[in-house]
Every structure is written in C-alpha cells, then in structure tokens.
Amino acid sequence: MSDVFFQPVSGMDLPRFAGVPTFMRLPLVGFDHDRFGDVDIGIIGVPWDSGTTNRPGPRHGPRQLRDLSTMIRAENAATGVRPFEAVNCADLGDVGPNPADIVDSMDRITAFYDHVLKAGIMPLTAGGDHLSSLPILRALARDRPLGMIHFDSHTDLFHSYFGGTMFTHGTPFRRAVEEGLLDPKRVVQIGIRGTAYDMEDRDFARAEGIRIIPIEEYFKRGVDDVMAEAREIAGTGETYVTYDIDFVDPSFAPGTGTPEVGGPNSFEALMVARLLEGVNVVGADLVEVSPPFDQTGGTAFLGVSIMFELLCVMAGVRARATG
Ligand code: MN
Ligand code: MN
C-alpha cells in the first residue's frame, strides 16, 4: 500500500460531484511540489489541437476528461488491479501550449516531458489532438526507438497536408519514424478504416514494415487474437501506447473531430487496452476527445475509462520494475 498522500478521494468520503476535479481525484502535483520526485505515474493534460485538419475541439479535452474522471473508482473489478495502491499516481497538471504556434507548442510539450522523465515518472497523457504524440515521443524516445501499439481509425502516417505542411494530426507517426523515434518493425496499428484520400500512408507502412490491422480483419479474427499478435509485435522491448478515441464507433464516441463508422463498441474499447497486459509499456496517451461534439460527456467518460485500463497495465509494469 502506497503513501496515503497519493490516494484518490473516495466517493464514500466526498461525493464524486463535489470537490475540484483532478484526474481520477488524485492529488495535483506540480514541478515545484515537494512530492514530485515520489510520483511513479503522472497523468498529464495536453490541451492542444493546432494539428487538427477538420473539426477542432480537443484543446478542451483535458478539462472534460478530468471532470468525467471523477467517476473512476479505485479497483478494476474485472482484473482486481488497484493501481493507486500499487504505485504512486498523481495529476501533474497541463502542459501550456502556444495555440498560435505549432512548432513552439511542440517544443514546450517536449520540454515538459523531458522534465517528467528526468524525475523517473511514467507519463499517461490526456490529449489534445493526435499531433500531441509527436513531441511526447521526442522526449520519451530520445535515446532509442520505441515500439508502438496504436488504436485508431487512421494511420496518421501521411507525408504532408495542404501541399507541404508537415505537422498535422494526420502526420505524427510519419515524422516519428523519420526522426528515429519508432522502430517500425515493432509498430502495429489497429482499427484502420474509412474513406481515404489515397493509399500513400499504407504504402509507407508497407515499405517500413509497420503492421496495419484494418477493421475488417479485426472483426473477423476477434479482439483476443488481434491483441495476441499486437503483444507479439511489441515483444519485450519498450513500447508506447497511443489511443485515438476515434478507434471506437462514433455511436459510442461521437465527441471527436474525424469519426469513422463501423468501429468497435465501448466494451471492446476497454478490452483492447486491458489486453495490453504483458507489454513493456513506458508511456501512453488517449487523444482526440472533442467536448464540443459531445457535451453530454459520454465520449469523455469512455476516454477516462480507457485511461484507467491503460493505467492498470502501466502500474503493473512500474510495480514489477521497482520491486
Ligand atoms: Mn489519430
Ligand atoms: Mn483517428
């Protein structure tokens, strides 16, 4: 049992609609907090959507995700995992982006994560659009390329948009491969679907050895079989997990900018994250929740429920590493 300081506020003590909403009702621990160095897993908001090419809004994601995360309780009833007792989890606040400058925002995000990693903290991120993953990977994969398990309707592997713009939420993993942040042979993309501009992204994936599991194959094989292959591709090496909420069918997750029909339901959305157990996860993100397109908060509640599953897996990795 970890330090009482890091325990979430229980709904048995203070009703869950009361209090200041931090991620999963954990303590808010900034860089200058005297317990910063004691944090094992830090949950971080990246309220930034300057990479969005269509419907915006994920800059408002972290605030709504924090609000809905007050619904999360301490135990994963399916697995018995109690992550907040296994390791010290905290809300590390938001990265302050520069909404008028994409490159400056990315530099600010990378600097924030450099600081977090220097303290030995594993980051779990609430986006933000999917371009957020690139500056995070620049910090996390600075010394060696990582494997990656990627849930999404889209590959986000395009070369550029609008005749040469290199940084959008459709290009982060093209840049990450080019910059040597990912080992493409240890990257798998699951749930890919929808209409396409062309096959340029998939041609790149094939040439680099990135494994794409389109939604047709996903449903044909089933979640257990697909995730067994994903774990095999990631292997035992260090692996990043990136989860675009548009992986989920828009009937369950309408609050996102680029929805694609014909996706997994909310139960499978949780199962794919739970079945990451055994992967050497070094960081994860949940991106593309756009509150203006789902003011009921349903999409955000699914988002934080996925984050809780990711946290349970990460807590296991961390607890085994620290003995
Ligand atoms: Mn994406
Ligand atoms: Mn997507």
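Structure first, text after, so check above.
Since the model is a prediction, treat every value here as computed from it, not as a measurement.

Conventions and cut-offs
- Residues numbered from 1 in each chain as written.
- Chains lettered and ligands numbered in written order.
- Predicted model: local features only at pLDDT ≥ 70, side-chain atom pairs only at ≥ 80, totals over all residues.
- Heavy atoms only, no water.
- Donors = N, O, S within 2.8 Å, 3.2 Å for Na, K, Ca; no water.
- Buried < 20%, exposed > 50% of the residue type's maximum accessible area, 1.4 Å probe, protein only.
- Helix = DSSP H or I, 4+ residues; strand = E, 2+ residues; numbered from the N terminus.
- Contact = heavy atoms within 4.5 Å.
- Core = buried A, V, L, I, M, F, W, Y, C linked by side-chain atoms within 4.5 Å.
- 1 Å grid on protein atoms, 1.4 Å probe; cavity = no way out; pocket = protein on both sides within 12 Å on 5 of 7 lines; lining within 4 Å.
- Points joined across faces, edges and corners; volume = space filled by probe spheres on them.
- Nonpolar A, V, L, I, M, F, W, Y, C, P; charged D, E, K, R; others polar.

J.: Sorry, what's going on with the coordination of the manganese ion (ligand 1) here?
T.: Angles between donor atoms at a metal ideally measure 109.5 degrees for a four-coordinate tetrahedral arrangement and either 90 or 180 degrees for a six-coordinate octahedral one. Coordination of the manganese ion (ligand 1) by the protein is provided by H130 (ND1), D152 (OD), D156 (OD) and D244 (OD), with metal-donor distances spanning 2.1 to 2.2 Å. Between consecutive donors of the manganese ion (ligand 1), the numbers of intervening residues give the motif H-x21-D-x3-D-x87-D.

J.: Sorry if this is basic, but what is going on with helix α1 (residues 61–68) here?
T.: It helps to recall that an α-helix has 3.6 residues per turn; residues three or four apart then point in one direction. Counted residue by residue, α1 has 6 buried out of 8 residues, so it is predominantly covered. Taken together, the buried positions of α1 are occupied by G61, P62, Q64, L65, R66 and L68. On the buried face of α1, the contacting elements are β1 (41–46), β2 (89–94), β3 (122–127), β8 (281–287) and α10 (298–322).

J.: Which parts of the structure should I look at to understand the nonpolar core?
T.: Most often, soluble globular proteins keep nonpolar side chains buried together rather than apart. Within the largest apolar cluster, 58 residues are counted, with the highest numbers of intra-cluster contacts made by F151, I190, Y243 and I306. Looking at this core element by element, the count peaks at 13 residues for α10. Each residue touching I190, except ones within four places of it in the same chain, is listed here: I149, H150, F151, D152, I213, Y218, V226, M227, A230 and F247. Core analysis: the second largest hydrophobic core is formed by 39 residues, F6, F112, L140 and M148 among them.

J.: Hey, could you run me through the layout of surface pockets in this one?
T.: Empty space among the atoms can be located by rolling a probe the size of a water molecule over them. One number sums up the size of the largest pocket: a volume of about 440 Å³. What lines the largest pocket is a set of 25 residues, and nearest its centre among them are H154, Y161, Y197, T258 and E260. The residue makeup of the lining of the largest pocket, split by class, is 5 nonpolar, 11 polar and 9 charged.

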